[in-house]
Amino acid sequence: MRKIVFLDRATLAPQIRLRRPGFPHELVEHARTLPDQVLERLAGAEIAIVNKVQLTAELLERLPQLKLIAVAATGTDCVDKEYCRTHGIAVSNIRGYAVNTVPEHTFALMLALRRNIVPFRQDVLDGEWQRSGQFCFFNHPIHDLQGARLGIIGEGVLGQRVADIARAFGMVPLFAAHKGKSGLGPLYTPWEVVLETSDVITLHSPLTPETRGMIAMPEFRRMKRKPLIINTARGGLVVEEDLVAALDEGLIAGAGFDVTLPEPPPADSPLMRIAGRPNVIVTPHLGWASDEAQQALADQLIDNIENFVAGSPSNLLTGAY
């Protein structure tokens, strides 16, 4: 009988079914777990399921029975993987589940901003249509995606899927070369060219020491076409104070952000201060969270656990054990 503990089940929507593993087990689910509750709740557990709960070396060294940490997400910053590697704890993650939901959310933000859906909706609610005296009104500019140049920062699975959708809209996708790098091959357009010629820039990069703050005031000042900035990747890729300044100075046309740093953001954070502007949309990190994607995640999560117990582990991180 293997004990499995899910420390933060509330990070998956309640309608998502988490099937029971096909081996003898005890599964304990906690909606949320505070840092001072982790040790007690994982006592006796062989398998831990986490999404955002931090599992530090200090905690893990007091849990010698732990054999697998099944992360219910792609990112694994919450786990001290070096400790796991040197102490025989396997770490698995989720891969490939968001290939539709994140790109669709990216285009939802893009379309809403290019066509000014949010301010037009507010105008309708405020009675502007009736006051206009005609069948339509033109309080805000509307721009098509057809023919627009889309700068894509991040050439992985999500960036590639965004490019596919962009081509279907008649856009011209450009994969940005990595900042400060050259000679990367024909897929890439130089970093500076993407900044200077894009009508929309969308981010699909991981947050690493190299990518942290890669879009800041120097980059905004190179954006000659005043693009929209879309970020459905990670908070921290864009310097938020500089984003506000770029909007104030008219260097960019608008911003659609699904991520912040930290999450949730403080009420007085830069993004929250501008969230009510008509050319800004901030959503609460839900680009990944379609029901279809969450169910695929939950199914893959249990697959990883079952495969580990069966002796054929899947989605183990490099050096995880």
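It should be emphasised that the depicted structure is a prediction, and the values quoted were computed from it without experimental measurement.

Rules used throughout
- Residues numbered from 1 in each chain as written.
- Predicted model: local features only at pLDDT ≥ 70, side-chain atom pairs only at ≥ 80, totals over all residues.
- Heavy atoms only, no water.
- Salt bridge = Lys/Arg side-chain N within 4 Å of Asp/Glu carboxyl O.
- Helix = DSSP H or I, 4+ residues; strand = E, 2+ residues; numbered from the N terminus.
- Buried < 20%, exposed > 50% of the residue type's maximum accessible area, 1.4 Å probe, protein only.
- Axes fitted to C-alpha atoms, helices over the stretch in contact; angles between N-to-C directions.
- Parallel < 35°, antiparallel > 145°, perpendicular 65-115°, else oblique.
- Left-handed = near helix turned anticlockwise from the far one by under 90°.
- Contact = heavy atoms within 4.5 Å.
- 1 Å grid on protein atoms, 1.4 Å probe; cavity = no way out; pocket = protein on both sides within 12 Å on 5 of 7 lines; lining within 4 Å.
- Points joined across faces, edges and corners; volume = space filled by probe spheres on them.
- Nonpolar A, V, L, I, M, F, W, Y, C, P; charged D, E, K, R; others polar.
- Pairing = 2+ DSSP bridges.
- UniProt positions renumbered as here; feature names shortened; annotations may be inferred.
- Phe/Tyr/Trp six-rings, centres within 6.5 Å; stacked < 30°, edge-to-face > 60°.

Undergrad: Any details on the pattern of salt bridges? Residues and values, ideally.
TA: Following the criterion strictly, the structure yields 15 salt bridges and no others. The shortest N-O distance in the salt bridge between Asp164 and Arg167 comes to 3.1 Å. Highlighted residues: Asp164 and Arg167, both in helix α7 (residues 157-168), separated by three residues, approximately one helical turn. In this structure, Lys179 engages Glu219 in a salt bridge whose closest nitrogen and oxygen atoms are separated by 2.9 Å. Taken as a pair, Lys179 in the loop between β7 (172-176) and β8 (188-189) and Glu219 in helix α9 (residues 217-220) lie far apart in primary sequence, 40 residues in all. Note on Lys179: relative accessible area 38%, which makes it partly exposed. One connected set of salt bridges, linked through shared partners, spans Arg9, Arg20 and Glu29.

Undergrad: Let's hear about the packing of helix α4 (residues 101-114) against α7: which residues, and what values?
TA: Two elements in contact, α4 and α7, have axes separated by 9 Å at closest approach and are oriented at 50°. By the angle class used here, α4 and α7 are oblique. The interaxial crossing formed by α4 with α7 has right-handed handedness. Contact residues: α4 offers Val102, Pro103, Thr106 and Phe107, while α7 offers Leu158, Arg161, Val162, Ile165 and Ala166.

Undergrad: So, the layout of surface pockets: which residues are in play, and what are the values?
TA: Within this model, the second largest pocket holds a volume of roughly 360 Å³. Together, 19 residues line the second largest pocket, and His178, Lys179, Ser205, Thr211 and Met214 are the ones closest to its centre. Class assignment for the residues of the lining of the second largest pocket results in eight nonpolar, seven polar and four charged.

Undergrad: Can you break down the sheet that holds strand β6 (residues 149-153) residue by residue, with the values?
TA: As summarised here, the arrangement of the seven strands in space is β8-β7-β6-β9-β10-β11-β12, forming an open sheet in which the pairing is parallel. Strands at the two margins of the open sheet, each flanked by one partner only, are β8 and β12 (280-282). Both strand β10 (residues 228-231) and strand β11 (residues 254-257) contribute to a ladder of four bridges, which runs parallel. Opposite Ile230, over in β11, you have Gly256 as the bridge partner. Each of β6, β7 and β9 (200-203) touches α7; the most contacted strand, β7, lies at about 160° to it.

Undergrad: Requested: an account of the UniProt feature "domain: D-isomer specific 2-hydroxyacid dehydrogenase catalytic" (unreviewed entry) in the chain, with residues and values cited.
TA: Under the UniProt annotation, "domain: D-isomer specific 2-hydroxyacid dehydrogenase catalytic" (unreviewed entry) lies at residues 27-314. End C-alpha to end C-alpha, residues 27-314 measures 20 Å, and it is 35% helix and 14% strand.

Undergrad: Can you tell me about the packing of aromatic side chains, naming the residues and giving the values?
TA: Scanning all chains against the criterion turns up two aromatic pairs. Centre to centre, the rings of Phe107 and Phe169 are 5.5 Å apart; their planes meet at 15°, and the pair counts as stacked. Here Phe169 lies in the loop between α7 and β7 and Phe107 lies in helix α4, a separation of 62 residues in the sequence. Taking 5.8 Å as the distance between ring centres and 55° as the angle between the ring planes, the aromatic pair formed by Phe120 and Phe137 counts as tilted. You can see Phe120 sitting in helix α5 (residues 117-125) and its partner Phe137 sitting in the loop between α6 (128-132) and β6, a full 17 residues away along the chain. The class for Phe120 is buried, based on a relative accessible area of 15%.

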